[in-house]
Amino acid sequence: MASLSTRAALAGLRLLPTHALSRAVGWLASRRLPSPLREPAVRAFGRAVGVEFSEVRDALASFESLQAFFTRALRDGVRPIDADPHAIVSPCDGAWGAAGVITAGQALQVKGRLYALAALLGDAAAARRYEGGAFATLYLSPRDYHRFHAPCAARVRRAVAIPGALWPVNRLGVEGIADLFAVNERLCAFLAVAGADEDLCLVAVGATNVGKIRVTFDDLTTNVAAVAPEVRTYRDVALTKGQEWGRFEFGSTIVLVAAPSLLTLDVQPPGTPVRLGQRIGTLR
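For the structure given in this document, a descriptive report is provided here. (Residues numbered from 1 in each chain as written. Predicted model: local features only at pLDDT ≥ 70, side-chain atom pairs only at ≥ 80, totals over all residues. Heavy atoms only, no water.)

## Here we look at the pairing of strand β13 (residues 253-258)
When you tally the buried positions in β13, you get 6 out of 6 residues, the bulk of the element. Alternating positions in β13 separate into two faces, Thr253, Val255 and Val257 on one and Ile254, Leu256 and Ala258 on the other, with burial throughout. Bridge count between strand β5 (residues 134-139) and β13: 5 bridges; the pairing is antiparallel. Paired with Phe135 across the strands is Val257, a residue of β13. (Buried < 20%, exposed > 50% of the residue type's maximum accessible area, 1.4 Å probe, protein only. Helix = DSSP H or I, 4+ residues; strand = E, 2+ residues; numbered from the N terminus. Pairing = 2+ DSSP bridges.)

## Some points on unusual backbone geometry
Phi angles above zero are rare outside glycine, and Ala104 is one such case at about 55°. With relative accessibility at 63%, the residue Ala104 sits in the exposed group. The phi torsion at Asp179 lies on the positive side, around 55°, for a residue other than glycine. In this fold, Asp179 is placed in the loop between α7 (171-176) and α8 (180-183).

## Here's the deal with the nonpolar core
With 68 residues, the main nonpolar core has Leu120, Leu121, Tyr130, Phe181 and Leu263 as its most contacted residues. With near-sequence residues (within four places) excluded, Phe181 lies in contact with Gln109, Tyr115, Leu120, Thr137, Tyr139, Val169, Val174, Arg186, Val205, Thr253 and Val255. Ranked by size, the runner-up nonpolar core spans 9 residues in total, among them Ala29, Phe45, Val51 and Phe70. (Core = buried A, V, L, I, M, F, W, Y, C linked by side-chain atoms within 4.5 Å. Contact = heavy atoms within 4.5 Å.)

Purely geometric numbers; function is a separate question.
If you want it as structure tokens, here you go:
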């Protein structure tokens with residue numbers, strides 16, 4: 001049972017037009033800054049959230065908007081990708097959340113709270129393929145690098161943008177909103193690693209103030225006032241391990257879901273920091 005303060009905060013959020021608010025935040029963050037203000041504005045934001053400036057590839061004065069800084073590139077070499085061909089690597093910067101084995105069609109959101117994988121993926125048949133496989137939840141924060149990458153070499157078979165709510169993906173939302181990841185809007189990338197089957201799925205979950213989630217191999221995006229999922233299929237989209245495939249226009253969450261025969265994860269306690277390219281498991 002959520003605390004009284006949590007229930008009050010959630011009740012207040014229910015009164016807000018979170019989609020319109022998130023689009024407005026995205027619009028404001030994308031406004032072009034006057035040249036003299038770019039470096040001071042970017043530096044002030046970065047300091048406020050704890051950005052490691054030494055990792056940023058481009059000069060701070062080159063960012064024309066805060067959104068451009070949110071989706072910044074990193075300097076070459078600061079996120080080495082584990083070169084072991086059997087290594088599964090973290091697709092993003094962030095921190096470990098719930099992880100484990102998909103059992104009876106469910107994954108763990110937080111201790112004592114489960115959600116249905118079929119609801120997360122918007123596809124009951126796909127969910128059945130992952131029964132008994134591993135899942136991991138990785139949380140990004142505003143200070144983190146906001147692009148996400150392939151955890152191993154794979155081919156993109158399809159991508160699905162699923163409209164939904166935009167609850168905050170933080171302690172308030174995780175502990176207070178049932179089926180949070182399955183009700184928030186999200187973008188699911190279904191990948192083939194070991195053969196032709198979709199044996200790996202990466203789910204980028206939206207949140208309050210996430211202007212959009214975008215992929216790099218298509219114009220598919222979220223937070224576009226859609227009322228039904230949009231499905232794209234692909235024949236020739238191949239990703240190498242560590243290759244960028246999308247980005248958040250603010251921080252949120254990646255859920256990794258694997259078929260039972262694909263991999264094992266080196267699960268860490270919730271809150272453990274993780275960095276892009278760091279080994280988090282092993283391909284079978």
